[in-house]
Amino acid sequence: MRRKLAAGNWKMNGLNATLAELSALAAEHPDTGVDLLICPPATLIAPARAALAGSPLQIGGQDCHAETSGAYTGDLSAMMLRDAGASAVILGHSERRASHRETSEEVRLKANTAQAAGLMSVVCLGESRFQREATNTLDIIGAQLSLSVPDSSTGENLVVAYEPVWAIGSGLTPTPEQIGEVHTFMRARLEHRFGPGIGRSVRLLYGGSVKAENAAEIFAIPDVDGALVGGASLKASDFSPIIEALEAA
Ligand code: 13P
């Protein structure tokens, strides 16, 4: 009942010339049975949308401000992303939690604003290496989940991405048991908070060093509804086999 989702986070990578990768990706998967989302830098949202006219591939932002407008030099509002052609936005990525000191409370305010603007929020959470070794990972995940996700969430406007900080860009991935433990836990917490209807409809993505070689194993884990992919989403030739593994899951 949940549509699978392959999402790409380009982070601070990509110029106009890189849009050729998007066009190639769209051409390779014209009527895929899974949802496809690419979140390029904000400068490429409008040109990406234009280059993809007619394609079901969705475009998203990587962050937005919690306020709808105002004196916030350099920031972007959710409605600006929407206006540029985005249908989703990544919020609370660990790189922003670290380098911009974003708290879960701020992430929730941003998600609230994004959902009100009609954007699907891809809320990211995950434990650091230190937290996994020194404390109970599920306590960390539980706190981040309850604080980062707004009450207005539904299966349409919320996706949760579990991205262990130590697995991002490192080539390391948790074991299937470790991923399964966190995803089963997140599902139970969402069902408890929102009821089984909404709780079971929210898609849960895994992110952190997903590649063609490990995608099938990850997608076979219960309650993994897709992936949020960094490095391997930059090239169509790397992302396509991941999409194919999701289609086959
Ligand atoms: P990598 O796939 O490069 O590890 O990045 C994951 C990520 O941070 C996606 O948001």
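So, here's what we can say about the structure. (Residues numbered from 1 in each chain as written. Predicted model: local features only at pLDDT ≥ 70, side-chain atom pairs only at ≥ 80, totals over all residues. Heavy atoms only, no water.)

1. Describing the pattern of salt bridges
Two side chains carrying opposite charge are able to pair once their charged atoms lie near each other. Basically, it comes down to this: By definition here, a salt bridge exists when the distance from a side-chain nitrogen of Lys or Arg to a carboxyl oxygen of Asp or Glu is within 4 Å. Elements are defined by DSSP. Helices are runs of H or I of four residues or more, strands are runs of E of two residues or more, and each kind is numbered from the N terminus. For every residue, the accessible area (1.4 Å probe, protein chains only) is compared with the maximum for its type, and the residue is labelled buried under 20%, exposed over 50%, or partly exposed between those bounds.
With the rule as written, the count across this model stands at 15 salt bridges. A salt bridge links Asp63 to Lys110; the nearest nitrogen and oxygen atoms lie 2.7 Å apart. Highlighted residues: Asp63 in the loop between β3 (58–61) and α3 (78–84) and Lys110 in helix α5 (residues 104–116), separated in sequence by 47 residues. Each member of the pair, Asp63 together with Lys110, is buried. For the salt bridge of Asp223 with Arg187, the shortest nitrogen-to-oxygen distance reads 2.6 Å. In this pair, Asp223 sits in the loop between α9 (212–219) and β8 (226–229) while Arg187 sits in helix α8 (residues 176–201), placing the two residues 36 residues apart along the sequence. For Arg187, a relative accessible area of 3% puts it in the buried group.

2. Examining α8
Just so we agree on the cut-off: Multiplying 1.5 Å by the residue count of a helix minus one yields the expected span of that helix. To get the bend at any residue, fit one axis to the seven residues that end at it and another to the seven that begin at it, then take the angle between the two axes.
The terminal C-alpha atoms of α8 lie 22 Å apart, and with 26 residues this falls more than 12% below the ideal 38 Å at 1.5 Å per residue. At Gly195, α8 shows its maximal kink, close to 135°; a proline, Pro196, follows between one and four residues later. For α8, every residue scored as buried is listed here: Ile179, Gly180, Val182, His183, Phe185, Met186, Arg187, Leu190, Phe194 and Gly199.

3. Notes on the nonpolar core
Selection rule: Only buried Ala, Val, Leu, Ile, Met, Phe, Trp, Tyr and Cys residues count toward a nonpolar core, and they belong to the same one when joined by side-chain atoms within 4.5 Å. Residues are treated as being in contact if the distance between any of their heavy atoms lies within 4.5 Å.
With 61 residues, the main nonpolar core has Leu22, Leu57, Val160, Met186 and Phe219 as its most contacted residues. Apart from residues lying up to four places away in sequence, Leu22 is in contact with Trp10, Ile38, Ala48, Leu52, Leu57 and Ile59. Within the second largest apolar cluster, 13 residues are counted, among which are Cys39, Ile90, Ala161 and Leu228.

4. Overview of the pairing of strand β4 (residues 88–91)
What counts here: Between any two strands, at least two bridges found by DSSP are needed for them to pair. By definition, the crossover connecting two strands over a helix is right-handed if that path, from the first strand to the second, turns clockwise as seen with the strands pointing away from the viewer.
Where burial is concerned, the two faces of β4 agree: the one with Ala88 and Ile90 and the one with Val89 and Leu91 are both buried. Pairing of β3 with β4, which is carried by 2 bridges, proceeds in the parallel orientation. In the strand pairing of β4, Gly61 is matched with Val89. Viewed along the sheet, the connection from β3 through α3 into β4 turns out right-handed. Looking at chain direction, β4 and strand β5 (residues 120–125) are connected through 4 bridges and run parallel. Bridged to Ala88 within β5 is Met120.

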